[in-house]
Amino acid sequence: MKATFVSDKMLALFAVSLGVALLFSLLADPVVRSIGLREMGLSLGVAIAGFGALAYVLMSPERLTGIPRTSLVMMAMAASFLLSALIGLVQGDPPTAVIRSTLPYLMAFLSLPLAFAGRINLNMIGLVLAVMAVGLIQALYQIILFMMQDTTTVTETLVSRITMIDARVTLPLAAAGNGVALALIGRGRYATAMGTIATSIFGLAALVTLTRTLVIVYALSFIVAIALWTALAVVERRAGVLLRNTACVALSMLVVGTIIMSPPFASVPPAFKVRQAMERSGLPEPTVVEPDVAKRRIETELKQEVGEEQARHTLEKAESVHESMVAILRSHGIKTLEHVAQRYADQAGEGTSARILAETLGNFSANLPGAGEIGGGRISDEWRPALQTYLAGNPATWAFGIGAGTPFTTKSGEPRTYIHNLPLYLLLYNGAVGLVLNVVLQIGLIASFFNRVRRDDDAVAFACLSMVIILNCFALLFAVHKLIGFNLILAVIHSCFFVERRGVHVRDHALPQAVAARP
């Protein structure tokens, strides 16, 4: 019996389970330090389908033939995570902590059964479109959540950031979905319209989170798309395609720019400016006005808002501009603070209102919800201690890591088993071997997908290449690499890599026309 898998039920179940799990990962609790029963149940369901497919394949007469090097590296990378878990267990780390630190990463390798298959007929177009659909759900959720806050001023927008309300808005689903949306552009009238509208929604959603990393990876997806279109234009000598597709991207950006300047979203751009000012911790505070003169000016502005008696009472103990602004925030709220800061900055010329608000909120943040998200500090508080923990090890831990579930201590004294940087996490927990394997794996995936785009103008490869770059860049600054959704997207990407491996050219993958063409 030949392992053809043209209509294999187990592999079909595996593909469907990935799509369904990706959708439900949006509903799961994304906090990396706690994976509960729902997340474990979700992981178990996908694992049963994936390893069931693997067992079915291994029982077939025709097995592993011609496995490419990238696939072997992928297997070695999965083994690296299993070895890290074993080291953690041997060291006496709690089994639950080891499972929580290992299981999400293993989900990225659930597509490994496809490496053993003969002919494969999985609907890769459907899988990448599922990524975009789930990403759109998240993007619309971000926009709706922002509008529900009914914020009309810069300070309200900053204090009521939706990332403080629900951390799911920073999941990588929408960022990855934008890579698929861009793959639609230039592949027919309806596909182009769909891609242009979707990428506009993704852009607006990234902006309303006030998260620079999301905006950066959103812009990065455009750079990747334009680079691929340029390569195709050179190879196929069709400069018109590059111009048309770039025009669609420009139209999408124009739409986002127009919407973000409309009244419901007008506070977002200046709020970004305030956040940037809040993170410039090393700049000296401008002092061009004497404290007494500055206090009188602030008191004058405050009188216009709350009256003379309340203004005098509010500022009676304040001795500096900052103390005056904090007193206003405590006594009269953020709207009054914003109005006073704006007029004071305009008249006194002491910095900008964004700088004044940044300094005020930055020092007042201990009393605000989600205060830990305001400002930076990851390099000194987390990255350097993690690197010092690695360097303080021995040759065995340098090579293979300290073991999953083993905490390191941050500068602030918090024991932690995750890092907001994927390469540094792999270096600490999987060792130099794990880090090198991951770098080789990512290079292999990027090279394979790029060759498919250049050779066949493969839309699925286009989408996967964008998603690989987006996810890796996202994981440089966020701990999203420890989340189920992140690794399920990687499983989809790996599946697309394996399906093409058998040499089937896919020039007919013009999304979504190819879907209709399938039997």
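Quick note: structure is the one above.
So, here is what we can say about the structure in this document. These figures come from a predicted structure and were not determined experimentally.

Each value, and the rule that gives it
- Residues numbered from 1 in each chain as written.
- Predicted model: local features only at pLDDT ≥ 70, side-chain atom pairs only at ≥ 80, totals over all residues.
- Heavy atoms only, no water.
- Helix = DSSP H or I, 4+ residues; strand = E, 2+ residues; numbered from the N terminus.
- Buried < 20%, exposed > 50% of the residue type's maximum accessible area, 1.4 Å probe, protein only.
- Contact = heavy atoms within 4.5 Å.
- Areas by Shrake-Rupley, 256 points an atom, 1.4 Å probe, with all protein chains shown as cover.
- Salt bridge = Lys/Arg side-chain N within 4 Å of Asp/Glu carboxyl O.
- Core = buried A, V, L, I, M, F, W, Y, C linked by side-chain atoms within 4.5 Å.
- Phe/Tyr/Trp six-rings, centres within 6.5 Å; stacked < 30°, edge-to-face > 60°.
- Expected span 1.5 Å × (residues − 1).
- Polar contact = N/O pair within 3.5 Å; in protein donor to acceptor, adjacent residues only side chain to side chain.
- Axes fitted to C-alpha atoms, helices over the stretch in contact; angles between N-to-C directions.
- Left-handed = near helix turned anticlockwise from the far one by under 90°.
- Nonpolar A, V, L, I, M, F, W, Y, C, P; charged D, E, K, R; others polar.
- Parallel < 35°, antiparallel > 145°, perpendicular 65-115°, else oblique.

To continue, consider the overall build of the chain. Of regular secondary structure, the chain possesses 23 helices and two strands. Going through the 519 residues of the chain one by one, you find that 53% of them count as buried. In the chain, of all internal contacts separated by at least 6 residues, the share reaching a separation of at least 24 is 78%. Entry remark: accessible area of the chain is about 22,800 Å², with carbon and sulfur atoms responsible for 64%.

Inspection of the entire model under this criterion finds six salt bridges. Where Arg-416 meets Glu-382, a salt bridge forms, and the shortest distance between an N and an O atom there is 2.5 Å. With Arg-416 in strand β2 (residues 415-416) and Glu-382 in helix α17 (residues 378-391), this pair connects stretches of sequence that are 34 residues apart. The same class applies to Arg-416 as to Glu-382, namely buried. As a salt-bridge pair, Glu-414 and Arg-416 come within 2.6 Å of each other at their nearest N and O atoms. Residue Glu-414 is classed as partly exposed on the basis of its relative accessible area, which comes to 33%.

With that out of the way, let us pick up the nonpolar core. Judged by nonpolar contacts, the single largest core of 110 residues is most densely connected at Phe-109, Phe-202, Phe-449, Met-467 and Ile-493. Here this core takes 12 residues from helix α5 (residues 124-148), the largest share from any one element. Residues contacting Met-467, with those up to four places away along its chain left out, are Val-128, Val-131, Ala-176, Val-180, Ile-489 and Ile-493.

This paragraph deals with the side chain of Gln-142. Along the chain, Gln-142 falls in helix α5. Judged by relative accessible area, which is 2%, Gln-142 ranks as buried. Setting aside its immediate chain neighbours within four residues, Gln-142 contacts Ile-162, Val-169, Ala-174, Ala-205, Ala-206, Val-208, Thr-209 and Leu-214.

Okay, the environment of Pro-423 next. If you trace the backbone, Pro-423 turns up in helix α19 (residues 422-429). Owing to a relative accessible area of 31%, Pro-423 belongs among the partly exposed residues under this scheme. Once the C-alpha coordinates of Pro-423 and Leu-435 are considered, the two residues, 12 residues apart in sequence, prove to be 6.3 Å apart. Excluding residues that lie within four positions of it along the chain, Pro-423 makes contacts with Leu-435 and Leu-476.

Inspection of the secondary structure puts Gly-393 in the loop between α17 and α18 (395-400). For Gly-393, a relative accessible area of 29% translates into the label partly exposed.

Glancing now at the packing of aromatic side chains. Applying the stated criterion across every chain yields a total of nine aromatic pairs. Centre to centre, the rings of Phe-81 and Phe-109 are 6.1 Å apart; their planes meet at 45°, and the pair counts as tilted. Highlighted residues: Phe-81 in helix α3 (residues 69-90) and Phe-109 in the loop between α4 (95-106) and α5, separated in sequence by 28 residues. Classification of Phe-109 by relative accessible area gives buried; the value is 9%. A connected cluster of aromatic rings, assembled from ring pairs, spans Phe-81, Tyr-105, Phe-109, Tyr-425 and Tyr-429.

Moving on, we come to helix α10 (residues 212-236). Taking 1.5 Å of rise per residue, 25 residues should cover 36 Å, and α10 covers 36 Å from first to last C-alpha, within 8% of that figure. Backbone geometry just after α10 places Arg-237 at a positive phi near 55°.

Next up on the list: α19. In terms of burial, α19 is a largely internal element, seven of the eight residues being buried. Taken residue by residue, α19 has Leu-422, Leu-424, Tyr-425, Leu-426, Leu-427, Leu-428 and Tyr-429 as its buried positions. If you check the start of α19, you find a side-chain oxygen 2.9 Å away from the backbone N of Leu-424, and it comes from Asn-421. Note on α19: the residue one or two positions beyond its end, Gly-431, has a positive phi of about 75°.

Once that is clear, we can look at the packing of α10 against helix α21 (residues 459-474). Interhelical geometry of α10 versus α21 gives an angle of 145° and a closest axis separation of 9 Å. In this structure, α10 crosses over α21, and the sense of that crossing is right-handed. Across the interface between the two elements, Thr-213, Leu-214, Val-217, Leu-220, Ser-221, Val-224, Ala-225, Leu-228 and Trp-229 of α10 pack against Phe-462, Leu-465, Ser-466, Ile-469, Ile-470, Cys-473 and Phe-474 of α21. Partitioning the contact of α10 with α21 into residue classes produces 13 nonpolar, three polar and no charged.

One way to put it is that α5 packs onto helix α9 (residues 189-208) with a least axis distance of 9 Å and a crossing angle of 45°. Viewed along their axes, α5 and α9 adopt a mutual orientation that is oblique. The way α5 lies across α9 gives a crossing that is left-handed. The residues of α9 that touch α5, namely those facing Met-132, Gly-135, Leu-136, Ala-139, Leu-140, Gln-142, Ile-143 and Phe-146, are Met-194, Ala-198, Ile-201, Phe-202, Leu-204, Ala-205, Ala-206 and Val-208.

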